[in-house]
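Spelled out from the first residue to the last, the chains are:
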Amino acid sequence: MKNFRLLSVILLIGIFLVGCSSGNSSQSSAGGTESKGGNESDEKLSGEITVWAHPYTGDQEVEGKMWDEIISSFEEETGVKVNFEQIPWANRDQKILTALVANNGPDVFYAIPDQMPQYADEGMLLELDPYLEDLDMDDFVDTALVSTTWKDKLYGLPILQEAYTFFYNVDIVKDIGEDPENLPKTWEEFDEWAKKAKDKGYYAMSFAGGGSMNGTLYPYVWQAGGDIVNEDNEVLINNEKSLKAWERLNNMYKEGWIPEDSITAMEHDALWDSGKMLAVQGSGTSVTNLLSKDLFDFVIAPPLKGEEQVTYGTTGMFVAPVNTDNPAAAAEFIKVMTNTENQKRFNKVTQYIPTRESAKEIFDDEPYLSQLATYTQYALPGVIHPAGRTIMPFIQSELQTMMEGKKTPQEAADAAAEAIQLELDKK
């Protein structure tokens with residue numbers, strides 16, 4: 001494998017040993033060497049590659065069979081031997097990065113949206129564009145490719161998506177005099193339902209202020225037509241459009257549409273399960289949980305629209321490090337792993353939504369998942385920026401301070417913007 005510069009190795013390992021204890025708040029500071037250039041699409045494949053992925057379900061026997069099928073088919077078609085290793089989610093950043101800089105890491109590994117830009121910005125990922133000339137990219141959902149692209153270069157191909165949207169309790173919808181077949185589509189329509197729910201003694205929705213901003217502030221910022229920070233390091237979280245999201249959430253809390261503990265809560269499952277809440281944000285796993293509990297009937301609505309119709313939904317992808325010994329085979333595995341047939345295999349087992357339109361038919365006999373699959377076109381994968389993880393606590397702190405009544409929405413948004421800018425200025 002190609003060697004990273006010694007200084008980069010020292011910086012990277014030092015930062016990640018300090019920052020990875022939670023498994024969710026690390027950033028890299030290592031430079032990388034240039035990837036092997038040229039179009040490799042016609043190169044005869046040979047040798048071997050190592051692939052790292054995670055457990056995606058609780059059924060390792062079923063997952064193991066899936067991987068055996070995918071890998072044996074790839075090996076037969078290409079002649080490339082695949083060494084597969086399943087690694088735990090805990091401390092994944094530290095394990096991956098330490099292995100890469102020690103030149104004994106994988107040739108392909110699974111990544112999530114806040115990892116990719118960190119690695120790509122430091123030159124640690126193989127650019128895939130030279131290997132994809134023969135690949136049909138139009139079949140991928142556009143929003144899924146947002147998370148695999150950094151500064152107009154493609155560093156991964158997506159395998160799974162989610163789309164978070166409102167799940168409504170049918171009994172409460174009827175109790176407030178509304179139609180479960182005509183759910184809110186806009187902010188204004190939802191607000192009318194929220195007022196009626198409050199008058200009837202219900203909370204309008206859950207709000208996990210102690211959790212990720214991906215499920216709280218960010219979707220409202222995007223729906224307002226705003227943004228957090230872009231790849232040119234422009235801080236946008238306090239501009240005129242983004243401010244509307246801060247004001248909206250501040251009003252929800254003041255009006256009592258969300259629970260009193262929303263400032264720091266991680267979830268409101270008990271309130272939802274006991275029939276005291278009109279709606280919760282949910283995804284595919286929510287369907288499984290609700291069907292297993294069978295507490296009440298529920299319906300799923302399209303993502304709300306402010307100025308824009310958009311929501312949050314993570315994307316999972318496969319990437320290759322720039323220092324792989326076998327870039328052509330690594331790129332080919334990523335292409336094959338994310339083709340229609342393997343997306344069907346993978347997502348049927350894991351119950352995530354395929355990122356290829358041609359693979360979504362696996363949920364034709366599952367109406368709730370089939371419905372959610374139509375919403376991935378609106379699902380943004382979070383803040384795609386190398387500082388995406390590190391700025392989140394600053395934003396969360398200001399949001400909580402605002403909801404406590406200690407700052408106005410403008411003051412909180414401005415303070416968040418200042419903290420983000422200070423973090424960006426460190427680079």
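Residues numbered from 1 in each chain as written. Predicted model: local features only at pLDDT ≥ 70, side-chain atom pairs only at ≥ 80, totals over all residues. Heavy atoms only, no water.

An unreviewed UniProt entry lists the protein under the name ABC transporter substrate-binding protein, with Lederbergia galactosidilytica as the source organism. The annotation that UniProt attaches to the protein under Sequence similarities (unreviewed entry) is "Belongs to the bacterial solute-binding protein 1 family." (UniProt positions renumbered as here; feature names shortened; annotations may be inferred.)

Draft legend 1. Spotlight on the nonpolar core. Among the nonpolar cores identified, the biggest contains 54 residues, and Y168, L217, I228, I237, W246 and I395 are the most heavily contacted of them. Excluding its chain neighbours within four sequence positions, the residues that come into contact with W246 are L217, I237, I395, E398, L399, M402, P409, A412, A413 and A416. Grouped together as the second largest cluster of nonpolar side chains are 37 residues, V51, A53, F140 and V336 included. (Core = buried A, V, L, I, M, F, W, Y, C linked by side-chain atoms within 4.5 Å. Buried < 20%, exposed > 50% of the residue type's maximum accessible area, 1.4 Å probe, protein only. Contact = heavy atoms within 4.5 Å.)

Draft legend 2. View of the sheet that holds strand β3 (residues 108-111). The strand order across the open sheet built from five strands is β2-β1-β3-β12-β6, with neighbouring strands paired in mixed fashion. Each edge of the open sheet is held by one strand with a lone partner, namely β2 (81-86) and β6 (156-161). With strand direction ignored, the average angle separating the axes of adjacent strands in the sheet is 20°. In terms of strand pairing, strand β1 (residues 48-53) meets β2 through six bridges, oriented parallel. From the neighbouring strand, E48 faces β2, where its bridge partner is K81. Each of β1, β2 and β12 (315-319) touches helix α2 (residues 60-78); the most contacted strand, β2, lies at about 160° to it. (Pairing = 2+ DSSP bridges. Helix = DSSP H or I, 4+ residues; strand = E, 2+ residues; numbered from the N terminus. Axes fitted to C-alpha atoms, helices over the stretch in contact; angles between N-to-C directions.)

Draft legend 3. Fine view of empty space enclosed by the protein. As enumerated under the stated definition, the model contains two cavities of 30 Å³ or more in all. The calculated volume of the largest cavity comes to roughly 70 Å³. Among the secondary structure elements, those contributing two or more residues to the lining of the largest cavity are β7 (165-169) and α8 (217-223). Tallying contributions element by element places α8 first for the lining of the largest cavity, with three residues. Of the residues in the lining of the largest cavity, the class split is seven nonpolar, four polar and no charged. Residue lining of the second largest cavity: Q161, E162, A163, S283, G284, T285, Q351, Y352, I353, L369 and L372, and that is the complete set. For the lining of the second largest cavity, the residue count by class is five nonpolar, five polar and one charged. (1 Å grid on protein atoms, 1.4 Å probe; cavity = no way out; pocket = protein on both sides within 12 Å on 5 of 7 lines; lining within 4 Å. Points joined across faces, edges and corners; volume = space filled by probe spheres on them. Nonpolar A, V, L, I, M, F, W, Y, C, P; charged D, E, K, R; others polar.)

Draft legend 4. Local environment of the layout of surface pockets. Reported here for the second largest pocket is a volume of approximately 290 Å³. For the lining of the second largest pocket, the secondary-structure elements that each account for two or more residues are α5 (142-146) and β4 (149-150). Broken down by class, the residue content of the lining of the second largest pocket amounts to nine nonpolar, three polar and four charged. Each of domain 1 (47-161 + 314-380) and domain 2 (165-311 + 390-425) contributes no fewer than three residues to the lining of the second largest pocket. (Domains from an automatic or database assignment.)

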